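Structural features, examined
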Amino acid sequence: VGHCHPDIVKAAHEQNQLLNTNSRYLHDNLVDYAERLSKTLPEKLCIFYFLNSGSEANDLALRLARQYTEHEDVIVLDHAYHGHLTSLIDISPYKFRNLEGQKEWVHVAPVPDTYRGLYREDHENSVTAYADEVKNIIEHAHKRGRKIAAFFAESLPSVGGQIIPPAGYFQKVAEHVHKAGGVFIADEIQVGFGRVGKHFWAFQLQGEDFIPDIVTMGKPIGNGHPLACVATTKEIAEAFAATGVEYFNTFGGNPVSCAVGLAVLDVIEKEHLQANATEVGNFLMKILKEQQIKHPIIGDVRGCGLFIGVDLIKDQAE
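Fair warning: this is a prediction, and the values are worked out from it, not measured in the lab.

1. Concerning the pattern of salt bridges
Within the structure shown, the criterion is met by 16 salt bridges. Note that Lys103 is salt-bridged to Asp90, the shortest N-O span being 3.3 Å. Placement of the pair is Lys103 in the loop between α5 (93-96) and β3 (106-109) and Asp90 in the loop between α4 (86-89) and α5, with a sequence separation of 13 residues. A relative accessible area of 12% means that Asp90 is categorised as buried. Across the salt bridge formed by Glu290 and Lys286, the nearest N and O atoms sit 3.2 Å from each other. Of this pair, Glu290 and Lys286 both sit in helix α10 (residues 273-294), separated by four residues, roughly a single helical turn. Overall, Glu290 belongs to the partly exposed group, its relative accessible area being 36%. If you follow the salt bridges from partner to partner, you end up with Glu72, Asp73, Glu104 and Arg146 in one network.

This is how it looks when you write it as structure tokens:
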């Protein structure tokens, strides 16, 4: 919502002057913020955990998935990056390929990139072809006695090249993953909060019939303030709580963070930032496509709202 937005600065300052405690102490801001966030999401995503960073959120999502499914393995997209904790480096091909390599419990699926990926725009059914790659991974894992806990993906792969997955891909993947007893985790840390313009969440680009089991949030959620969130279903949260080991985060969900989160949602709404993302994004796409006609080095211009990629190439034919 912009550097030092006066509404955000004011909300943090006012709450700082009143009270800031760890989240052992009850405070209305926590409930108010959870209620506001819930209005942006499908109804079944109704349980919220508040944290301090996107990495913390993704790590908790992993724990939730494993506890709920009682499985260990994770399927991720190639080139993905999900955070800096050890658990997340392990599911980030972008990082682990330069470090200790791929762990036995990690499986890498091809990015659903219809421009330079395995199955391209001219393929008769790229959606099914990419989803079948995930199905094959699951079958291969089962033959080795492995069990899938989660398919973990950014709703729009960003580090992987600003990719817009073809509509229907997540539905088919979720079908295969659910059949294997796993859950679908949508990482919205870079792409959520209205950035795509036409929807508040990027996973909604896939269609109304797609709802992830777990959604993680970070980055824009606090406009620079350390704030993050995991949203999930009652079933998953109850399985997590059933261990008797409660989830506790000293500063996750503290009154100042929640005041900031509420202010961010207010600004997005008040200043019509979703509509702005659509308008500015469409304008930028238009002028980039004009450049594409002039310059053979620009192979592809793709995007949605203010999530845009320009693919530079050496040769149009290849």
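2. Looking at the pairing of strand β9 (residues 307-312)
Where strand β8 (residues 298-304) meets β9, six bridges bridge the pair, whose relative direction is antiparallel. In the strand pairing of β9, Asp300 is matched with Asp311.

3. Some details on the sheet that holds strand β7 (residues 228-232)
Reading across the sheet, the seven strands line up as β1-β7-β6-β5-β4-β2-β3 and stay open at both edges, with mixed pairing between neighbours. Across the chains shown, the open sheet's two edge strands, defined by having one partner strand only, are β1 (47-51) and β3. Across this sheet, the average inter-strand angle for adjacent strands is 20°, counted without regard to direction. As judged from the four bridges shared by strand β2 (residues 73-77) and strand β4 (residues 148-154), these two strands associate in the parallel manner. Across the sheet, the residue bridging to Ile75 is Phe151, located in β4.

4. Here we look at α10
Since one α-helical turn is 3.6 residues long, residues separated by three or four positions face the same way. End to end, α10 covers 31 Å across 22 residues, agreeing with the expected 32 Å (1.5 Å per residue, within 8%). The inward-facing, buried residues of α10 abut β8 and β9.

5. Comments concerning the packing of helix α6 (residues 126-143) against helix α7 (residues 169-179)
Look at α6 against α7: their axes get within 9 Å of each other, and the N-to-C directions meet at 20°. Taken together, the axes of α6 and α7 lie roughly parallel to each other. Note that α6 runs across α7; the crossing there is right-handed. The segment α6 lies against α7, with Val127, Thr128, Tyr130, Ala131, Asp132, Val134, Lys135 and Ile138 engaging Tyr169, Lys172, Val173, His176 and Val177. By residue class, the composition of the contact of α6 with α7 is eight nonpolar, two polar and three charged.

6. Regarding the domain arrangement of the protein
Domain annotation for the protein reports domain 1 (7-271) and domain 2 (275-312). Put simply, the middle of domain 1 and the middle of domain 2, counted by C-alpha atoms, are 26 Å apart. Contacts between domain 1 and domain 2 engage 16 residues on the former and 14 residues on the latter. Between domain 1 and domain 2, a total of about 1,200 Å² is buried, with carbon and sulfur atoms accounting for 58% of that surface. A per-residue breakdown of the area domain 1 buries against domain 2 is headed by Tyr115, Gln162 and Arg195, which together make up 45% of the total. On inspection of domain 1 and its partner domain 2, the count reaches one salt bridge. Between Arg116 and Asp311 there is a salt bridge, with its nearest N and O atoms 2.5 Å apart. Inspection of the domain 1/domain 2 interface yields nine residue pairs in polar contact (both at pLDDT 80 or more).

7. Quick notes on the packing of aromatic side chains
To describe a pair of aromatic rings, you give the distance between the ring centres and the angle between the ring planes. Within this structure, the stated rule accounts for 15 aromatic pairs. Judged by centre distance (5.1 Å) and plane angle (45°), the ring pair of Phe151 and Phe184 falls under tilted. With a gap of 33 residues between them, Phe151 in strand β4 and Phe184 in strand β5 (residues 183-187) connect regions that are remote in the sequence. The pair formed by Phe151 and Phe184 is uniform in burial state, with each residue classed as buried. If you follow Arg24 out to its NZ or CZ, it ends over the ring of Phe248, 3.8 Å from the centre. The ring of Trp105 has Arg66 lying over it, and the distance from NZ or CZ to the ring centre is 4.4 Å.

Parameters at a glance
Residues numbered from 1 in each chain as written. Predicted model: local features only at pLDDT ≥ 70, side-chain atom pairs only at ≥ 80, totals over all residues. Heavy atoms only, no water. Salt bridge = Lys/Arg side-chain N within 4 Å of Asp/Glu carboxyl O. Helix = DSSP H or I, 4+ residues; strand = E, 2+ residues; numbered from the N terminus. Buried < 20%, exposed > 50% of the residue type's maximum accessible area, 1.4 Å probe, protein only. Pairing = 2+ DSSP bridges. Axes fitted to C-alpha atoms, helices over the stretch in contact; angles between N-to-C directions. Expected span 1.5 Å × (residues − 1). Contact = heavy atoms within 4.5 Å. Parallel < 35°, antiparallel > 145°, perpendicular 65-115°, else oblique. Left-handed = near helix turned anticlockwise from the far one by under 90°. Nonpolar A, V, L, I, M, F, W, Y, C, P; charged D, E, K, R; others polar. Domains from an automatic or database assignment. Buried area = accessible area lost by both parts, 1.4 Å probe. Polar contact = N/O pair within 3.5 Å; in protein donor to acceptor, adjacent residues only side chain to side chain. Phe/Tyr/Trp six-rings, centres within 6.5 Å; stacked < 30°, edge-to-face > 60°. Lys NZ or Arg CZ within 6 Å of the ring centre and 35° of its normal.

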